[in-house]
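Examining the three-dimensional arrangement
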Amino acid sequence: MASRCHLTVPGGTAHVFTRTQLDSLQAIVTDLGAATFPLFLRLGSTPRWRMQPITARNLLAEVEKFRRMLDLRLIPGVSFRDEQGAELGSMFMRADERPLVEADKLSVAPTPEGIRVVLGGFPPPAGFRSRPGLPPVHYECYFSELRTSQEGWVGLRTPDMGGSGAPVALPAIPLPPATQWDYSRVAGRPVVGSVVYVEPPATEVYRDLLHALDTAGNESIRLKQPLEFRRDV
């Protein structure tokens, strides 16, 4: 299970979010101007941080300021859907751009160009290309959708990848369990029928984290109690 962070105020509501969400949002905020948002970027630097109400008020001011900039940021991600097309959950590009799926000679990651799949072995499947920076005998291709079929996994290439538009056969993709997704409507290992590329604005991707910061900060001010941040080690 992903490492968790907690925001609590005595007499208020406890809020929980993943360390991955915090790291990813902090990476975006750093790009917006690290010197402008020192309190928010300090979250997570230590296992515990106890903020007095005046500090919580300043943190809220930082969040409100960078929130206005987030709608301009689109975050590459994937939507997991069942065989009828209903969404089961989603995951988004990591701050360090590490893949969401890593297995022997296979990796899958959302990028601004689409769902990037890297495969090792020769010959490469149709549509896969070599490029500088890839390990020897590894090839990549970008997809708008990965889906299951009677023959196994197939991918639909992005328009920029060209090709005939026919599905590309892929090896089995070991998707992470729902407990590791950024957002999940299910538990365990649900049957996933397709993985679809999405690119929502950052305010939507990080809505739960932004809500937690807003609510906990305002409760600290209203209740005149310290706001405590705690992360699982």
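Before any of the text, the structure's been laid out above.
Here goes a summary of the coordinates provided. The structure presented is a predicted model; accordingly, all values stated were derived computationally and were not measured.

1. Looking at the side chain of Q26
Inspection of the secondary structure assignment puts Q26 in helix α1 (residues 19-33). Under the relative-accessibility criterion, Q26 is labelled buried at 10%. Apart from the residues within four sequence positions on either side, Q26 is in contact with F40, L41, R42 and L43.

2. Concerning the pattern of salt bridges
This model, assessed by the stated rule, comprises 12 salt bridges. The partner of R48 in a salt bridge is E228, with the nearest N and O atoms 2.6 Å apart. Placement of R48 in strand β3 (residues 48-51) and of E228 in strand β14 (residues 227-231) is noted, with a sequence separation of 180 residues between them. Ionic pairing is found between E145 and R147, a salt bridge with its closest N-O pair at 3.2 Å. We classify R147 as partly exposed; its relative accessible area is 32%. Through salt bridges that share partners, E64, R67, R68 and D214 make up one connected network.

3. Focus: the environment of C141
Inspection of the secondary structure assignment puts C141 in strand β9 (residues 138-149). Judged by its relative accessible area of 0%, C141 is buried. The spatial distance from the C-alpha of C141 to the C-alpha of G33 is 33 Å, given a sequence separation of 108 residues. If near-sequence neighbours (up to four positions away) are discounted, C141 is found in contact with I115, R116, V117, G127, F128, R157 and M161.

4. Overview of the packing of aromatic side chains
Counting across every chain of the model gives five aromatic pairs. Centroid distance F40 to F66: 4.9 Å. Interplanar angle 50°. Geometry classified as tilted. On the criterion of sequence distance, the pair formed by F40 in helix α2 (residues 38-42) and F66 in helix α3 (residues 53-70) is long-range, its members being 26 residues apart. Per residue, the accessibility class of F40 equals that of F66, and both read buried. With centroids separated by 5.9 Å and ring planes inclined at 50°, the aromatic side chains of F128 and F143 adopt a geometry described as tilted. Within this pair, whereas F128 is found in the loop between β8 (114-120) and β9, its partner F143 is found in strand β9, the two being separated by 15 residues in sequence. Accessibility assignment for this pair places F128 and F143 in one class, buried. Here R207 stacks its cationic end above the ring of Y183, 4.6 Å away from the centre of that ring.

5. A word on the nonpolar core
Across soluble globular proteins, nonpolar side chains have a tendency to be buried as a group. Grouped together as the largest cluster of nonpolar side chains are 33 residues, with contacts concentrated most on L25, F40, F66 and F229. Counting residues per element, the ones that place at least two in this core are β1 (4-8), α1, α2, β3, α3, α4 (202-205), α5 (207-223) and β14. Residues contacting F66, with those up to four places away along its chain left out, are L25, V29, L32, F37, F40 and L210. Formed by 28 residues, the second largest nonpolar core is a distinct cluster that contains V108, L119, Y142 and Y197.

6. Describing the sheet that holds β1
Read across the open sheet, the four strands follow the order β2-β1-β14-β3; overall the sheet is antiparallel. Of all the strands in the sheet, just β2 (15-18) and β3 have a single pairing partner and so form its edges. Each strand of the sheet is rotated relative to its neighbour by a mean of 15°, with strand direction disregarded. As paired elements, β1 and β14 share four bridges and run antiparallel to each other. Within β14, the position partnered with H6 by the bridge is R230. The sheet strands contacting α1 are β1, β2 and β14, and the helix crosses β2 at an angle near 70°. Taken strand by strand, α3 contacts β3 and β14, and its axis lies near 100° from that of β3.

7. A look at empty space enclosed by the protein
Evaluated as defined, the whole model comprises two cavities of 30 Å³ or more. One number sums up the size of the largest cavity: a volume of about 60 Å³. Around the largest cavity, the lining residues are V78, F80, M91, L100, V101, V108, L146, L175, P176 and V195. Among the residues making up the lining of the largest cavity, the classes are represented as 10 nonpolar, no polar and no charged. Estimated volume of the second largest cavity: approximately 50 Å³. T20, Q21, S24, F92, M93, R94, D182, Y183, V205 and Y206 together form the lining of the second largest cavity. Considering only residue class, the lining of the second largest cavity consists of five nonpolar, three polar and two charged.

Rules used throughout
Residues numbered from 1 in each chain as written. Predicted model: local features only at pLDDT ≥ 70, side-chain atom pairs only at ≥ 80, totals over all residues. Heavy atoms only, no water. Helix = DSSP H or I, 4+ residues; strand = E, 2+ residues; numbered from the N terminus. Buried < 20%, exposed > 50% of the residue type's maximum accessible area, 1.4 Å probe, protein only. Contact = heavy atoms within 4.5 Å. Salt bridge = Lys/Arg side-chain N within 4 Å of Asp/Glu carboxyl O. Phe/Tyr/Trp six-rings, centres within 6.5 Å; stacked < 30°, edge-to-face > 60°. Lys NZ or Arg CZ within 6 Å of the ring centre and 35° of its normal. Core = buried A, V, L, I, M, F, W, Y, C linked by side-chain atoms within 4.5 Å. Pairing = 2+ DSSP bridges. Axes fitted to C-alpha atoms, helices over the stretch in contact; angles between N-to-C directions. 1 Å grid on protein atoms, 1.4 Å probe; cavity = no way out; pocket = protein on both sides within 12 Å on 5 of 7 lines; lining within 4 Å. Points joined across faces, edges and corners; volume = space filled by probe spheres on them. Nonpolar A, V, L, I, M, F, W, Y, C, P; charged D, E, K, R; others polar.

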